Amino acid sequence: MQDLAIQLQNVSKHFSHFELKNINLTLPKGQIMGFVGANGAGKSTTIRLIMGLMQADKGNISVLGQSMPQMQTQIKRDVGFSSEEMKLYGAQNLAWHIHFIKNVYPNWDDNYARELLHRFDLNLEQKIKQLSKGQHIKAQLLLVLARQPKLLVLDEPTTGLDPVARQEVNNELALILKDEERTVLFSSHNTADVERISDQITFIDRGRLIDSQDKESYLENWRRIQLELPTDLPLQPSGSVIEVEQNGRIASVISNQFEPLILDAYQQQNIKILAVETMSLEEIFLANVNYRRQVQQKGAR
Ligand SMILES: Nc1ncnc2c1ncn2[C@@H]1O[C@H](COP(=O)(O)OP(=O)(O)OP(=O)(O)O)[C@@H](O)[C@H]1O
């Protein structure tokens, strides 16, 4: 069996107005997973459960082979976690934080910390409370990255950063990708970031995982097909076609399991194929969420 950094089996968590339902998720070691969902989809809740900061109502969670939350103290050294909720000590500067963390975590890498300090354009002596929001996020990331943990769990690491800082952080994550021993789970609203640096993609919507797969084969499955129909009668979705937009005799359809046979089937109905287009992760995410919500609504009726 492949070595897993994170495994969730049938995990559920119920709040008064929200339910995270039957989450099954596996992240193999050495991979970087982008965890994508709209506001309130359940990303932070899932991450809190993984980190043992909250207890699931049901299901099993294991992190680096250890059960959570029972073994959270034992695995803390190997897991680096960063989220907006975690505040640094405002009255102290970055040098103080580095000194503190270095004493706790033996894998602390001074050279890497210096490189990050330079690349993130941070000042060791400036008090944390004087930092801008973006600088605070970068300081937090420096402290967690330089520990060289085996697993990094980052809750929206690039939210609130300007495009330049976002690129700096993404570049660091992309560098980590080259190290086959290290694993990253990061949540994001930004599908462009996720498309660029992840090798696993997980979509969550309204507390349910809607897809979790390796990026290459996932992107390969989705296509938008432009069609010219023989008449303007409405074209119905069928098979792997999940969305049809039609204007007269011109239609644009989306397939979530594309194969050339779909084109043959259209041609047999005298439908002309105008174009077969790949889709960005953003387009796929939006189409997928719309489709899943429609299916859910139909099921609920
Ligand atoms: N401790 C809690 N008690 C009650 N409800 C909660 C609690 N924590 C989260 N929720 C609810 O669970 C839902 C999911 O929240 P969560 O923070 O996991 O979403 P998210 O995907 O991280 O969203 P965002 O992108 O906006 O940060 C929300 O409706 C939120 O109000």
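Residues numbered from 1 in each chain as written. Predicted model: local features only at pLDDT ≥ 70, side-chain atom pairs only at ≥ 80, totals over all residues. Heavy atoms only, no water.

- The protein chain goes by ABC transporter ATP-binding protein in an unreviewed UniProt entry, where it is assigned to Paraglaciecola aquimarina.

## Concerning the pattern of salt bridges
Then, in step 1: Taken as a whole and assessed by the stated rule, the structure comprises 13 salt bridges.
Then, in step 2: As a salt-bridge pair, Asp78 and Lys150 come within 3.8 Å of each other at their nearest N and O atoms. Here Asp78 is found in the loop between helix 2 (72-75) and strand 6 (79-82), whereas its partner Lys150 is found in the loop between helix 5 (133-145) and strand 7 (151-155), with 72 residues between them in sequence.
Then, in step 3: Asp78 gets classed as buried once you look at its relative accessible area, which sits at 18%. (Salt bridge = Lys/Arg side-chain N within 4 Å of Asp/Glu carboxyl O. Helix = DSSP H or I, 4+ residues; strand = E, 2+ residues; numbered from the N terminus. Buried < 20%, exposed > 50% of the residue type's maximum accessible area, 1.4 Å probe, protein only.)

## Some words on helix 9 (residues 260-268)
Then, in step 1: Residues of helix 9 that are buried: Ile262, Leu263 and Tyr266. Along the axis of helix 9, the buried positions cluster into a sector of 100°, meaning they face one direction only. In this structure, helix 9 carries Pro260, Leu261 and Gln268 as exposed residues pointing more than 90 degrees from its buried face.
Then, in step 2: Buried positions along helix 9 lie against strand 11 (223-228), strand 12 (241-247), strand 13 (250-255) and strand 14 (272-278).
Then, in step 3: Just downstream of helix 9, Asn270 is the residue with a positive phi angle, here 60°. (Arc of directions from axis to C-beta. Contact = heavy atoms within 4.5 Å.)

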